[in-house]
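Okay, here's what each chain looks like letter by letter:
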Amino acid sequence: MRLLKPGWVHHDDKPIFSVDIHQDCTKFATGGQGNDSGRVVIWNLKPVLSEKDENDASVPKMLCQMDQHLACVNCVRWSQNGLLLASGSDDKLIMIWRKSQGSSGVFGTGGMQKNHESWKCCHTLRGHAGDVLDLAWSPNDIYLASCSIDNTVIIWDARSFPMMVTVLRGHTGLVKGVTWDPVGRYLASQSDDRSVKIWSTVDWTCSNTVTEPFEECGGTTHILRLSWSPDGQYLVSAHAMNGGGPTAQIIEREGWKCDKDFVGHRKAVTCVRFHNSILKRAASAASGSDAGGSGKPTQYCCLAVGSRDRSLSVWLTALQRPMIVIHELFNDSILDLSWGPKERLLMACSGDGSIACLQFADDELGTSLSEDDKNGIFQRLYGKSIGNGLGIPESGFNILVENPELAGQALAGKAGGTSKIAPPMLMPELEGSVPFARPSLDRLSSASQAPIQQKPISKQTETRTKDGKRRITPMFIPLNEQDDFYQTTTSAAVASSSILTSSSVSATASKSSEDVATSAPVSDDAKLSKNVDYRFDPRLKMVAPGLRRQPIPFDIAELEGFPRALDLNQNVPPAAKDGEQASSLAPKLNITPTSKCEFVKQTFQHRIHVSNGHLKTSQGMLAKVTAGSIDPIGILWEFYVGSPVVNVNLCKKYCMLCSLDGSMRLLSIQTGSPVFPAISLSSSAIHCAFSPDNELVGVLTECGILRIWNIVKRNVHMAASCQELLDKHGTAVNFMITDQGMPLIGFPNCNSYSYSVNLQSWLVLATRDPIMYTGIRGTLPRQMDGVNQKFPLLSMQANSQNYYSLRSSQETNTESWQQPAKFIFIENQIKLCEALESLDEFKHWHMMMVFQLAAYGSEHRLRLFLDDLLNNPEPGIPQFVPKTELMQCVLDTLKPHVQWQRLYAEYVEVFKFCRSQRNEDIFATPAQPAHTPAPAAAAATETATPQSPPTTAGSSDPSDKHSMDIAAASACIEQLFTNPSFRTEIAESMSSESSNTAAASTSASTKAAASTSSSTKSAATPVTGTSETEKS
């Protein structure tokens, strides 16, 4: 073993709080305090191990220095693939660093000091409310865990930084250490509250809390870095006590027992770190003569322990004593440890600002197990080998798939390389529908793939403080095309933005809309300027005044020649055309009884032109309304109104005119003839809307009167007042009517309401309260361009500010109440859809609820939700969606979540059983009618009672009616059920009953023939009897 203490590794005599060796053992990182900020330094490991390289001036010692943290750096950790470096600091931030091409200058030196490697911060994670003390990458770099003095542990999604997965709360003290189970099923954290918590990665709940070894602990340490053994069998914690002495506590995986520990240090243990690999050596070398010459190698793990007594100890699990103990290694506490497996290195850092490196020989530590041997151990211990997705609950790869139906699905997901289960789609694509055309975006999508070459800026502002320190303020932070990782995440957005600017300039310069639609994107330098300064982003360039977009004057007289049908109608979904109507809101014009003004409203098929003050008479002004068709262009009718028209709306069948005096007229859009007589309310209508099926029309007046009429039935559907809403929220900006006659009203403050006749109250659809805000952000999809009137609840919520805030940056300060808030929001959505009778949304929110419960909920709550769907509906409560249909949708949503495979299989069987029981109850054989004898007594009745003569073909026979009922029931059962045994049983009962009826009919025909004197009638009777039998 060699002990090395390179003096050139320092932070300007400031403490070094963390050290971590890169996986390839070519470099290592340190984190700690800088001169006036936090500091992260990446050092070259070769000069540490080789004296020749240390003395060679051409071999750099410091590779990169990053001073971007505002306060002391407490932890640095390399990702397991070695591509990323994470650093946590007292500034509450976590920075993710990635290497880029080329060299860079040390931040704050004005370019005087150069870095031999360029490492850029590609992500900044904000979420903690206090100092970040420890970091840990999960197996396969899927997650990053961080802990802080805010008593929380945050799990970050390393595949999509800066997204959070969850926030683990439960500690009542500062959390100072965190580590992952190498199997991936648990995460352990240690806190100043004298406890170690074991968190399950399946549902992120606390599965166990260990407190016994820490009850006697007094005082505290700066950090509590715990570690998990590479085989997953043992968890070793810091700062435990046993008999009044400090120990490193061993917590066994099986039962979380705490009956072993590492003793010997005189002061509190601050950090422990297991060697990354499982080691082995010959049995004789490990245990001497006790091996008995068996020849089998001994497998064990290696652990390093650092303490406040400034000493370092190294332990092997195969030995009962430490392999080595080094006293007085530093002048201050040991704060962090790191192993370099390839070079058999152990590195430690201290608060005195120095590091120490121990290099072991092959025969001292042993040799590492191969990956195949390690996989064999995991297969034997846990039934799984280490592979992609191990320990990730969403993927299901760490779960044994027991259901053959789910096995193929799990393998397909594994082969496809994707493990994330997508939430249920809110809006399934309508059959035959075509999305709205967006030519400008379509042109940009292909062009945005090309990278934009930009050069970094060199201009900056330099100032000096009173103490002589320089402060550099860059004028612009350029896009970095040299960093491959950063380029892939930003180039598409930058390209789209810059091309969009270019397209806008091109569109402005062109003279016709057709030129805009067919113009191809060209380079920015050709559009903006021939001499572009590439030091700046083209998006910041000023557009010349002559190229700026100018407003286009609008003349109503040009409406006749405007080609609307060609451009607007061809790419519109059929569903949108059928239920399409104009805006419900009145035009923003100051309309008075004597004013003259004009406005136009139109749909894809018709256009209404209103001319107030068109003609002056002795009794007052006349308003003229002209209706025209767009394809083909022509005038349909003209209509005069004695009061100025303040609002108008039209649909496929009707047109509604609302006047200033409160009168309303419903006209046929084709003929202009009145459908209703003129209706008068106390004030004029500010909103007028039709239902999507054009069977209902409603208005909302200035004084808050709400009326909805049924056009087909010629009666009022709803009469209510919303004056209290108008007084509280102001003028309504949105007004809709569903096919079921439910009004939907939206206000400028993002509040939306609907009225329930049964409850005689207003239903809250959208507000800015935290529950609604969190629910909309967490459950509604980001793309809402295709929303239509088929989803009334969503259409109102999508218009609220809550939804538009989704497009802003993601909220990283996740709280523990937010996931329960999503459950509350979805439950309320289900009840709202039930009140609105919105079938598609009702199904969707049931599927979304089970998706959220499967991903983040508990088994108890998931069972309660499924049991409610299995129960029979309560009497007196209408069910517009059968529970069996909902249950089938819910089970289909639960099926991809492999961690709930047993629950899924259980409820599938229960669902089949309940459905068969309901079928038997509904389609049980009815009691025999009073005029029809029971099948068992049919023969006795025939012999004891004289039968009436058979009827002719045109008469009504009860037996014929009974046979027809049986045939109808048989057809219904054949269509509804697919149970073969049940269908066979019903068929046999029907056939036996039909044979009894035929026998009775034949007997009656024979007796009638014997009593008849006419031979003609006697000969005809058997024919009639045979006809009746065949009919039966």
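Above this text you will find the structure in question.
Residues numbered from 1 in each chain as written. Predicted model: local features only at pLDDT ≥ 70, side-chain atom pairs only at ≥ 80, totals over all residues. Heavy atoms only, no water.

Description of the overall build of the protein chain
(1) Moving on: When helices and strands are counted, the protein chain shows 25 helices and 52 strands.
(2) Moving on: Every one of the 1032 residues in the protein chain was classed for burial, and the buried ones make up 47%.
(3) Moving on: Only carbon and sulfur atoms are counted for the fraction: they give 53% of the accessible area of the protein chain, which is about 49,900 Å². (Helix = DSSP H or I, 4+ residues; strand = E, 2+ residues; numbered from the N terminus. Buried < 20%, exposed > 50% of the residue type's maximum accessible area, 1.4 Å probe, protein only. Areas by Shrake-Rupley, 256 points an atom, 1.4 Å probe, with all protein chains shown as cover.)

Points about the packing of helix H19 (residues 859-870) against helix H20 (residues 883-894)
(1) Moving on: The geometry of H19 relative to H20 is characterised by a closest axis approach of 8 Å and an angle of 150° between their N-to-C directions. The angle between the axes of H19 and H20 places the two elements in the roughly antiparallel class. Between H19, through Leu862, Phe865, Leu866, Asp868, Leu869 and Leu870, and H20, the contact on the second element is made entirely by Lys883, Leu886, Met887, Val890 and Leu894.
(2) Moving on: Its residues assigned to classes, the contact of H19 with H20 shows nine nonpolar, no polar and two charged. (Axes fitted to C-alpha atoms, helices over the stretch in contact; angles between N-to-C directions. Parallel < 35°, antiparallel > 145°, perpendicular 65-115°, else oblique. Contact = heavy atoms within 4.5 Å. Nonpolar A, V, L, I, M, F, W, Y, C, P; charged D, E, K, R; others polar.)

So, the sheet that holds strand E11 (residues 118-126)
Two modes of strand pairing occur in sheets, parallel and antiparallel, and in both the strands are linked by backbone hydrogen bonds.
(1) Moving on: As summarised here, the arrangement of the four strands in space is E6-E7-E8-E11, forming an open sheet in which the pairing is antiparallel. Here the strands that pair on one side only, and so sit at the sheet edges, are strand E6 (73-78) and E11. Taking each pair of neighbouring strands and ignoring which way they run, the sheet shows an average axis angle of 25°.
(2) Moving on: Inspection of the sheet shows strand E8 (residues 93-100) paired to E11 by eight bridges, in the antiparallel sense. Bridging from a neighbouring strand, Ile96 pairs with His123 of E11. (Pairing = 2+ DSSP bridges.)

Topic: H20
(1) Moving on: With twelve residues, H20 should cover 16 Å at 1.5 Å per step; its first-to-last C-alpha distance of 16 Å lies within 8% of that length.
(2) Moving on: Listed as buried for H20 are Lys883, Leu886, Met887, Cys889, Val890, Leu891, Thr893 and Leu894. (Expected span 1.5 Å × (residues − 1).)

What to know about unusual backbone geometry
(1) Moving on: Note the cis peptide between Phe161 and Pro162, where omega equals 5°.
(2) Moving on: In this structure, Asn151 takes a positive phi of about 70° despite not being glycine.
(3) Moving on: The residue Asn151 is located in the loop between strand E13 (143-148) and strand E14 (152-157) in this model.
(4) Moving on: Exposure remark for Asn151: the relative accessible area of 22% places this residue in the partly exposed category.
(5) Moving on: Despite not being glycine, Arg310 shows a phi value in the positive range, around 70°.
(6) Moving on: With respect to the helices and strands, the residue Arg310 is situated in the loop between strand E28 (302-307) and strand E29 (312-316).
(7) Moving on: Its relative accessible area of 27% is what places Arg310 among the partly exposed residues.

Some points on the pairing of strand E47 (residues 705-710)
(1) Moving on: Counting buried positions along E47 yields five of six residues, so the element is predominantly enclosed.
(2) Moving on: The pairing of strand E46 (residues 696-701) with E47 spans five bridges and is antiparallel. Residue pairing for E47: Val699 is matched across the bridge by Arg707.
(3) Moving on: Counted between consecutive antiparallel strands, the loop separating E46 from E47 contains three residues, among which Gly704 sits at a positive phi close to 90°.
(4) Moving on: By the bridge criterion, six bridges tie E47 to strand E48 (residues 715-721) in an arrangement that is antiparallel. For Ile705, the partnering residue across the bridge sits in E48 and is Ser721.
(5) Moving on: Linkage of E47 to E48, two consecutive antiparallel strands, is achieved through a turn of four residues, within which Arg714 is found at a positive phi near 55°.

Things to note about the sheet that holds strand E50 (residues 743-746)
(1) Moving on: If you trace the four strands from one edge of the open sheet to the other, you get E49-E50-E51-E52, paired in antiparallel fashion. With one partner strand each, in any of the chains shown, strand E49 (734-737) and strand E52 (761-766) form the two edges of the open sheet. Put simply, the sheet's adjacent strands are angled 25° from each other on average, direction ignored.
(2) Moving on: Two strands pair when backbone bridges link them, and E49 and E50 are joined in this way by four bridges, in the antiparallel orientation. Across the sheet, residue Asn734 finds its bridge partner in E50, namely Gly746.
(3) Moving on: Contacting E50, strand E51 (752-756) and E52, helix H17 (residues 818-836) crosses the sheet at an angle of about 130° to E52.

Looking at H19
In an α-helix, one turn spans 3.6 residues, which is why side chains three or four residues apart end up on the same side.
(1) Moving on: The end-to-end C-alpha distance of H19, which contains twelve residues, comes to 16 Å, matching closely the 16 Å that a straight helix rising 1.5 Å per residue would cover.
(2) Moving on: Among all positions in H19, only Leu862, Phe865, Leu866, Leu869 and Leu870 are buried. An end-on view of H19 places all buried positions within 145° of arc, on one side of the element. (Arc of directions from axis to C-beta.)

Regarding the packing of aromatic side chains
(1) Moving on: This structure, assessed with the given rule, holds 14 aromatic pairs.
(2) Moving on: Here Trp78 and Trp119 contribute two aromatic rings whose centre-to-centre distance is 5.5 Å and whose plane-to-plane angle is 70°, an arrangement assigned as edge-to-face. Linking Trp78 in strand E6 with Trp119 in strand E11, this pair joins segments that are 41 residues apart in sequence. As far as burial versus exposure is concerned, Trp78 and Trp119 are alike and both buried.
(3) Moving on: With 6.4 Å between their ring centres and 85° between their planes, Trp180 and Trp204 make a pair best called edge-to-face. Residue Trp180 is found in strand E16 (residues 175-180), and its partner Trp204 is found in the loop between strand E18 (195-200) and strand E19 (206-210); the two are separated by 24 residues along the sequence.
(4) Moving on: Aromatic ring contacts, followed pair by pair, group Tyr143, Trp180 and Trp204 into a single cluster. (Phe/Tyr/Trp six-rings, centres within 6.5 Å; stacked < 30°, edge-to-face > 60°.)

Remarks on the packing of H17 against helix H18 (residues 839-856)
(1) Moving on: Orientation of H17 relative to H18, taken along the N-to-C sense of each, is 160°, at an axis distance of 9 Å. Between H17 and H18, the angle is such that the two are roughly antiparallel. Like other packed secondary-structure pairs, H17 and H18 cross with a definite hand, here left-handed. Listed contacts from H18 to Gln819, Lys822, Phe823, Phe825, Ile826, Glu827, Gln829, Ile830, Cys833 and Glu834 of H17 are Glu841, Phe842, Trp845, His846, Met848, Met849, Gln852, Leu853 and Tyr856.
(2) Moving on: Residue composition of the contact of H17 with H18, grouped by class: eleven nonpolar, four polar and four charged. (Left-handed = near helix turned anticlockwise from the far one by under 90°.)

A look at the pairing of strand E40 (residues 634-641)
The side chains of a regular strand alternate, first on one face of the sheet and then on the other.
(1) Moving on: Strand direction decides the pairing type here: strand E39 (residues 620-629) and E40, joined by seven bridges, are antiparallel. Within E40, the position partnered with Ser629 by the bridge is Gly634.

Side note on the environment of Asn151
(1) Moving on: The spatial distance from the C-alpha of Asn151 to the C-alpha of Val175 is 5.3 Å, given a sequence separation of 24 residues.
(2) Moving on: Among all residues touching Asn151, those that are not within four sequence positions of it are Leu168, His171, Thr172, Gly173, Leu174 and Val175.
(3) Moving on: Of the polar contacts made by the side chain of Asn151, one reaches the backbone nitrogen of Leu174; its length is 3.4 Å. (Polar contact = N/O pair within 3.5 Å; in protein donor to acceptor, adjacent residues only side chain to side chain.)

Considerations on the state of the cysteines
Covalent bonding between the sulfur atoms of two cysteines is what defines a disulfide.
(1) Moving on: Summed over the entire model, instances satisfying the criterion amount to zero disulfides.
(2) Moving on: For Cys703, which is in no disulfide, the shortest distance to another cysteine sulfur is to Cys722 and amounts to 8.8 Å. (Disulfide = S-S within 2.5 Å.)

Let's talk about the side chain of Gln190
(1) Moving on: Examined against the element boundaries, Gln190 turns out to sit in strand E17 (residues 186-191).
(2) Moving on: A relative accessible area of 2% means that Gln190 is categorised as buried.
(3) Moving on: A polar atom in the side chain of Gln190 sits 2.5 Å from the backbone oxygen of Ala238.
(4) Moving on: Beyond its immediate chain neighbours, meaning those up to four positions away, Gln190 contacts Leu174, Val175, Lys176, Gly177, Ser195, Val196, Phe214, Leu224, Leu226, Ser237, Ala238 and His239.

Side note on the pattern of salt bridges
A side chain of one charge can pair with a side chain of the opposite charge when the charged atoms of the two come close.
(1) Moving on: Scanning the model with the defined rule gives 19 salt bridges in all.
(2) Moving on: Salt-bridge contacts for Asp12 lead to Arg39; the nearest nitrogen and oxygen are separated by 2.9 Å. Placement of the pair is Asp12 in the loop between strand E1 (2-4) and strand E2 (16-21) and Arg39 in strand E4 (residues 38-44), with a sequence separation of 27 residues.
(3) Moving on: A relative accessible area of 6% means that Arg39 is categorised as buried.
(4) Moving on: Between Glu859 and Arg863 there is a salt bridge, with its nearest N and O atoms 3.1 Å apart. (Salt bridge = Lys/Arg side-chain N within 4 Å of Asp/Glu carboxyl O.)

With respect to the side chain of Ser338
(1) Moving on: Among the secondary structure elements, Ser338 is positioned in strand E31 (residues 334-340).
(2) Moving on: Side-chain polar atoms of Ser338 contact the backbone nitrogen of Ile21, separated by 2.9 Å.
(3) Moving on: Filtering out sequence-adjacent residues up to four positions away, Ser338 remains in contact with Val19, Asp20, Ile21, Arg273, Leu345, Leu346 and Met347.

Section: the environment of Ala720
(1) Moving on: Relative to the helices and strands, Ala720 is located in strand E48.
(2) Moving on: Exposure remark for Ala720: the relative accessible area of 10% places this residue in the buried category.
(3) Moving on: Taking C-alpha positions, Ala720 is 9.9 Å from Ser756, a pair spaced 36 residues apart along the chain.
(4) Moving on: Here Ala720 is in contact with Gly704, Ile705, Leu706, Arg707 and Tyr755, once residues within four sequence places are set aside.

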